[in-house]
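Here are the chains, one letter per residue:
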Amino acid sequence: AKLWYVDNFVLSPHKILSGHTGQVLCCKFHMLDDTELVLFTGSYDKTVIIWSVESGDKIHQSICHSSFIYCISLFEDKLVTCSSDKTVKLWSVCSGKVRTINVVPTASQEILTDWSCTQVNHWLSRLLSDQEETELTGKDLATMDLDTLMDSIACDDEKKRRLRQSVTLLRAFEGIPNEFLCPISMEIMTDPVVMTDGHTYERANITEWLTAGNCRSPFTNTTLSTKSIVSNHNLRNIIETV
């Protein structure tokens, strides 16, 4: 990751932050203990790092999940991390260290169509806050026409936008193994290929990555021994038959 100064829309480099062994996917600034501005970063290497913005030094690093971290959020002394291991974790941040408080399974960890009305209302309350209860079930979330579903839930336009986006993601990732998703685009692969880093990518995505001059793995950030790619016929056949 890189830190930059911004002055009249002109960028000038401040610090290069080197510590992750995988692609950095998310970051958030935070005032630590109301005294020091720090930066939190989440990565494909399953860790969160806290950096000093002033010095660029690594304050703390924790392995937070069993798969990559694609989203982090902070409020006061609480950190939330979201991972492709299908969990959301709540952490307490104190003096530059993180301590787990709770682990919440994400929606995709259970079969959406099996959700009860109570589970749907619990999910809606977390997503939209202070949301009135509905009689919807998981089957409704999975199969109902989106416009009809939006009309059945009373909320403002911003909440409906967020709800539509979240339901679309729930449907898209319902029951899909992580192995079917390209690590670059997080979309289901149609032409999977294997790189020398041992990981599989969508051909178009990894080709674009290599054409841009990258010589490191987009998954592990390690140097690639060669830029050759080999079709993953076995995985492609599995995806096509599902």
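The structure reproduced in this document is the subject of the present report. Residue indices follow the written sequence of each chain, beginning from 1 at its first position. Owing to the predicted nature of the model, reporting of local features is limited to residues with pLDDT of at least 70; listing and counting of side-chain atom pairs is limited to 80 or more, with chain, interface and lining totals taken over all residues. Hydrogens and waters are ignored; side-chain quantities use all the structure's heavy atoms.

1. Some details on the sheet that holds strand S13 (residues 230-231)
Working step 1: In this scheme, strands are said to pair when DSSP sees at least two bridges between them. Helix and strand definitions here come from DSSP, where helices need a minimum of 4 consecutive H or I residues and strands a minimum of 2 consecutive E residues; each element is numbered from the N-terminal end. The antiparallel open sheet is built from three strands, whose spatial order is S12-S11-S13. Of all the strands in the sheet, just strand S12 (200-202) and S13 have a single pairing partner and so form its edges.
Working step 2: Here strand S11 (residues 192-194) runs beside S13; their pairing, made up of two bridges, is antiparallel. Residue Val-194 lies in a different strand from S13, and its bridge partner there is Val-230.
Working step 3: Against the sheet, helix H5 (residues 203-211) makes contact with S11, S12 and S13, and its axis sits at roughly 95° relative to S12, the strand it touches most. For this analysis, residues touch if any pair of their heavy atoms sits within 4.5 Å. Note on definitions: angles span 0 to 180 degrees between N-to-C directions of axes, and those axes are lines fitted to C-alpha atoms, for helices only across the stretch in contact.

2. A few points about the pattern of salt bridges
Working step 1: Any Lys or Arg side-chain nitrogen located within 4 Å of an Asp or Glu carboxyl oxygen qualifies as a salt bridge. The final tally for this structure, using the stated rule, is six salt bridges.
Working step 2: With a shortest N-O distance of 2.8 Å, Lys-78 and Asp-77 are connected by a salt bridge.
Working step 3: It is possible to trace a salt-bridge network through shared partners that takes in Asp-191, Arg-203, Arg-236 and Glu-240.

3. Brief notes about the sheet that holds strand S6 (residues 58-63)
Working step 1: Across the sheet, which stays open at both edges, the four strands sit in the order S3-S4-S5-S6 with antiparallel pairing between neighbours. What marks the edges here is a single partner per strand, and that holds for strand S3 (24-32) and S6. Along the sheet, successive strands turn relative to each other by an average axial angle of 20°, direction set aside.

4. A closer look at a nonpolar patch on the surface
Working step 1: In this scheme, patches are assembled from residues that exceed 30% relative accessible area and form no salt bridge. Like charges are connected within 9 Å, while nonpolar side chains (Val, Leu, Ile, Met, Phe, Trp, Tyr) are connected within 5 Å. Residue burial considers only the protein chains on display, and all accessible areas are found by Shrake-Rupley using a 1.4 Å probe. Where nonpolar side chains cluster on the molecular surface, the patch consists of Trp-4, Val-6 and Leu-11 and spans about 330 Å² of accessible area.
Working step 2: Checked against the element boundaries, Val-6 lands in strand S1 (residues 2-7).
Working step 3: Take Val-6: its relative accessible area is 60%, and that puts it in the exposed class. Buried residues are those whose accessible area, probed at 1.4 Å on protein chains only, stays under 20% of the maximum for their type, while exposed residues exceed 50% and partly exposed ones sit between those limits.

5. Looking at the pairing of S3
Working step 1: Two strands pair when backbone bridges link them, and S3 and strand S4 (residues 36-43) are joined in this way by eight bridges, in the antiparallel orientation. Along S4, the bridge assignment pairs Phe-29 with Leu-39.
Working step 2: The hairpin turn running from S3 into S4, its antiparallel successor, is three residues long, and Asp-33 in that turn takes a positive phi close to 55°.

6. So, helix H1 (residues 117-128)
Working step 1: An expected span of 1.5 Å times one less than the residue number is assigned to each helix. Compared with the 16 Å implied by 1.5 Å per residue over 12 residues, the 16 Å span of H1 between its first and last C-alpha is a close match.
Working step 2: Buried within H1 we find Val-120, Asn-121, Trp-123, Leu-124, Leu-127 and Leu-128. Projected down its long axis, H1 shows its buried positions confined to an angular sector of 160°, all on one face.
Working step 3: Looking at the residues trailing H1, positive phi occurs at Ser-129, about 65°. Our arc is simply the arc of the directions from the helix axis toward the C-beta atoms.

7. Describing the nonpolar core
Working step 1: Grouped together as the largest cluster of nonpolar side chains are 17 residues, with contacts concentrated most on Trp-123, Leu-141, Leu-149 and Leu-163.
Working step 2: Residue assignment for this core shows that the elements contributing at least two residues are H1, helix H3 (146-151) and helix H4 (157-173).
Working step 3: Of the residues forming this core, the biggest block, five residues, is contributed by H1.
Working step 4: Among residues more than four places away in sequence, those in contact with Leu-149 are Leu-136, Leu-141, Met-144, Val-167 and Arg-171.
Working step 5: Counting residues in each nonpolar core, the second largest holds 13 residues, with Cys-26, Ile-50, Ile-69 and Val-93 among its members. The definition of a nonpolar core used throughout is a set of buried Ala, Val, Leu, Ile, Met, Phe, Trp, Tyr and Cys residues joined through side-chain atoms within 4.5 Å.

8. Some remarks on the side chain of Thr-47
Working step 1: One can find Thr-47 in strand S5 (residues 47-52).
Working step 2: A residue is classified by how much of its surface remains accessible, and Thr-47, at 5% relative accessible area, is buried.
Working step 3: At 3.1 Å, the side chain of Thr-47 and the side chain of Gln-61 are in polar contact.
Working step 4: Setting aside chain neighbours within four positions, we find Thr-47 in contact with His-20, Thr-41, Gly-42, Gln-61, Ser-62, Ile-63, Cys-64 and Ile-69. Under the rule applied, a polar contact is a pair of N or O atoms within 3.5 Å (in protein, one hydrogen donor and one hydrogen acceptor; residues adjacent in sequence only if both atoms are side-chain atoms).

9. Quick word on unusual backbone geometry
Working step 1: In the Ramachandran plot, Asn-8 falls in the positive-phi region, its phi being about 55° despite a non-glycine side chain.
Working step 2: Positionally, Asn-8 belongs in the loop between S1 and strand S2 (10-16).
Working step 3: Accessibility expressed as a relative area gives 68% for Asn-8, which makes it exposed.
Working step 4: For Glu-76, which is not a glycine, the phi torsion comes out positive at approximately 55°.
Working step 5: Assignment of secondary structure puts Glu-76 in the loop between strand S7 (69-75) and strand S8 (78-83).
Working step 6: Looking at Glu-76, the relative accessible area reads 57%, which means it is exposed.

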